[in-house]
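Commentary on secondary and tertiary structure
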Amino acid sequence: MSNLSVEAYNNLEKEFLQKNPVNLIRDFYPNNFLKMNIQSRIESKSELWKFIDTMHENSYEYNLELLGGLSNEEFKIFERLILKTIDYSKKLNDEQICSGKNAISKSLIPVRAIKKILNKNAQILDFGSGSGFVSLSLYYSGFKVISYDVTQALFLHQNNLFNSFLNNDYNLITDKNDYYKIDKYNFCHMPWWVFSDYENLKLSNLDCITLNHTLNEISPNTILYLNSFIEKNILNFEIKDLYLVIENLGANVWNNFWFLRTLGYKLIHEPLEGYEKVYVFKKEKFTNLKKFKYPKPNVKKINIFLSLRRKILSFAVLIRNMFINKKYYKRKLHVLKSGNNFDLDINSVKDLLQKNFKEVEEKTKNEKYNEFLGKT
């Protein structure tokens, strides 16, 4: 049962919903997608073509600028993903061929950062895997991957994409009988009702969690659950470090960035220019409930004192960054900084893409998207 139909997914989800309390279901619901009118469910697999390059439309040029160039290893992964995506896209809908170049180029940014922190074969949870290309880039870079998403439409897209790319290397986890696969195999994919199985699911070998374009979009209750899951099932501080890598915070619905510090995560790298535009947290201590402060949603309310306090704090941070002990501050937080000798510069990558995938470049769904936005 590796290739889920829409009906099969809905039935599994429905069975879980009927047996579990409202508060658990609430914490694993794509509320932000609903607020932003983003499609989160499909009725038929004929809709899957829409999600190949989703959430990253028109970002290809910007992504390449951030990357600054590619190593030969990175370009091989980049090319491999695009070739397979083109074949996959043609099978789904020959009228809407898509190379996936936006999401694929974006995926290389957090993967490059993770390579600087962890050795190959480290196990990584891609939390909110979206288009699925970060999970695939990590897998092709030699990491063990657990891909997770809460949204029905994106999960079914990932399920079909991963099956097309990985064949027998893809392992779907849908219930307790499949949990043994997580430590046995290099690529596993789980829906939200599996990850919510706090009592039975174990991820004791986990080294890193990615939260790309996700952190400030998920409920603080979900962050609490994730932290509780980490503290109970993963960490043994004498032998193990655990990192959070965040390429983008996502829509600013909740202030979970600062919430992480309350839960014992230390910011060890903040964004710089280029590919280092990632946040890296390291789990350093267990939650101290006495000092625990529950975050509030970013609701616009007029409060003079809070507004003044924010402005004072923002000014203090600005002064600190610009003047106070600047060298020490950079040295401590910019742990990923190191020189890179790229085998291909930005222009070379663009030329190769246009030359090798001309058909797709001329017949991609993003052209229609651009026409709709009036950006052609």
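To start, this report covers the structure provided alongside it.

What counts and how
- Residues numbered from 1 in each chain as written.
- Predicted model: local features only at pLDDT ≥ 70, side-chain atom pairs only at ≥ 80, totals over all residues.
- Heavy atoms only, no water.
- Helix = DSSP H or I, 4+ residues; strand = E, 2+ residues; numbered from the N terminus.
- Buried < 20%, exposed > 50% of the residue type's maximum accessible area, 1.4 Å probe, protein only.
- Areas by Shrake-Rupley, 256 points an atom, 1.4 Å probe, with all protein chains shown as cover.
- Polar contact = N/O pair within 3.5 Å; in protein donor to acceptor, adjacent residues only side chain to side chain.
- Pairing = 2+ DSSP bridges.
- Core = buried A, V, L, I, M, F, W, Y, C linked by side-chain atoms within 4.5 Å.
- Contact = heavy atoms within 4.5 Å.
- Expected span 1.5 Å × (residues − 1).
- Axes fitted to C-alpha atoms, helices over the stretch in contact; angles between N-to-C directions.
- Parallel < 35°, antiparallel > 145°, perpendicular 65-115°, else oblique.
- Left-handed = near helix turned anticlockwise from the far one by under 90°.
- Nonpolar A, V, L, I, M, F, W, Y, C, P; charged D, E, K, R; others polar.
- Salt bridge = Lys/Arg side-chain N within 4 Å of Asp/Glu carboxyl O.

**Topic: the overall build of the protein**
Helix and strand counts for the protein stand at 17 helices and 8 strands. The proportion of buried residues among the 376 residues of the protein is 52%. By element, 50% of the accessible surface of the protein is carried by carbon and sulfur atoms, the whole surface being about 19300 Å².

**Considerations on the side chain of Asn256**
Within the secondary structure, Asn256 sits in helix α12 (residues 256-262). Within the structure, Asn256 has its side chain in polar contact with the backbone oxygen of Leu215 (distance 2.8 Å).

**Here we look at the sheet that holds strand β6 (residues 243-246)**
Within a sheet, neighbouring strands are paired by backbone hydrogen bonds and run either parallel or antiparallel to one another. Across the sheet, 8 strands lie side by side as β3-β4-β2-β1-β5-β6-β8-β7; this open sheet has mixed pairing. Every other strand in the sheet has two partners, leaving β3 (171-172) and β7 (265-269) as the edge strands with one partner each. Pairing of β7 with strand β8 (residues 279-283), which is carried by 4 bridges, proceeds in the antiparallel orientation. Within β8, the position partnered with Tyr265 by the bridge is Lys283.

**Regarding unusual backbone geometry**
Positive phi is not limited to glycine here, since Met55 has a value of about 75°. Considering the arrangement of structural elements, one finds Met55 in the loop between α3 (31-35) and α4 (60-67). You will see that Asn58, though not glycine, has its phi angle at about 65°, which is positive. Here Asn58 lies in the loop between α3 and α4. On the accessibility criterion, Asn58 (37% relative accessible area) is partly exposed.

**Focus: the nonpolar core**
Counting 104 residues, the largest nonpolar core has Leu136, Phe195 and Ile209 as its most contacted members. The element contributing the most residues to this core is helix α8 (residues 152-166), with 8 residues. Once residues within four sequence positions are removed from consideration, Leu136 is found in contact with Leu81, Leu161, Phe162, Phe165, Leu166 and Phe187.

**Observations concerning helix α11 (residues 220-233)**
For α11, spanning 14 residues, the distance from its first C-alpha to its last is 20 Å, which sits close to the expected 20 Å at 1.5 Å a residue. In terms of residue burial, α11 counts as a mostly covered element, since 11 of its 14 residues are buried. The N-terminus of α11 is capped by Ser219, whose side-chain oxygen sits 3.0 Å from the backbone nitrogen of Asn221.

**Comments concerning helix α6 (residues 101-117)**
Over its 17 residues, α6 runs 26 Å from end to end, which matches the ideal 24 Å to within 8%, given 1.5 Å per residue. With 14 of 17 residues buried, α6 lies mostly within the body of the structure.

**A word on the environment of Asn255**
Mapped onto the elements of the fold, Asn255 is located in the loop between β6 and α12. Distance from Asn255 to Glu217, taken between C-alpha atoms, is 8.9 Å for residues 38 residues apart in sequence.

**Structural notes on the packing of helix α5 (residues 72-92) against α8**
Closest axis-to-axis distance for the α5/α8 pair is 10 Å, and the angle between their directions is 115°. By the angle between their directions, the pair α5 and α8 is classed as roughly perpendicular. In this structure, α5 meets α8 at a crossing whose hand is right-handed. Seen from α5, the contacting residues are Leu81, Lys84, Thr85 and Tyr88; seen from α8, they are His157, Asn160, Leu161, Ser164 and Phe165. Here the residues of the contact of α5 with α8 sort into 4 nonpolar, 4 polar and 1 charged.

**Considerations on the pattern of salt bridges**
Enumeration over the complete set of coordinates arrives at 11 salt bridges. Across the pair Asp178 and Lys181 runs a salt bridge whose closest N-O atoms are separated by 3.6 Å. Each of the two residues, Asp178 as well as Lys181, counts as buried. Here Lys282 and Asp241 are joined by a salt bridge, their closest N and O atoms 3.7 Å apart. With Lys282 in strand β8 and Asp241 in the loop between α11 and β6, this residue pair connects regions lying 41 residues apart in the sequence. Residue class for Lys282 comes out partly exposed when judged on its relative accessible area of 22%.

**A closer look at the packing of α4 against α6**
With their axes 8 Å apart at the nearest point, α4 and α6 run at an angle of 25° to one another. In terms of orientation, α4 lies roughly parallel with respect to α6. In this structure, α4 meets α6 at a crossing whose hand is left-handed. Here α4 contributes Tyr60, Tyr62, Asn63, Leu66 and Leu67 to the contact with α6, which in turn contributes Lys101, Asn102, Ser105, Lys106, Leu108, Ile109 and Arg112.

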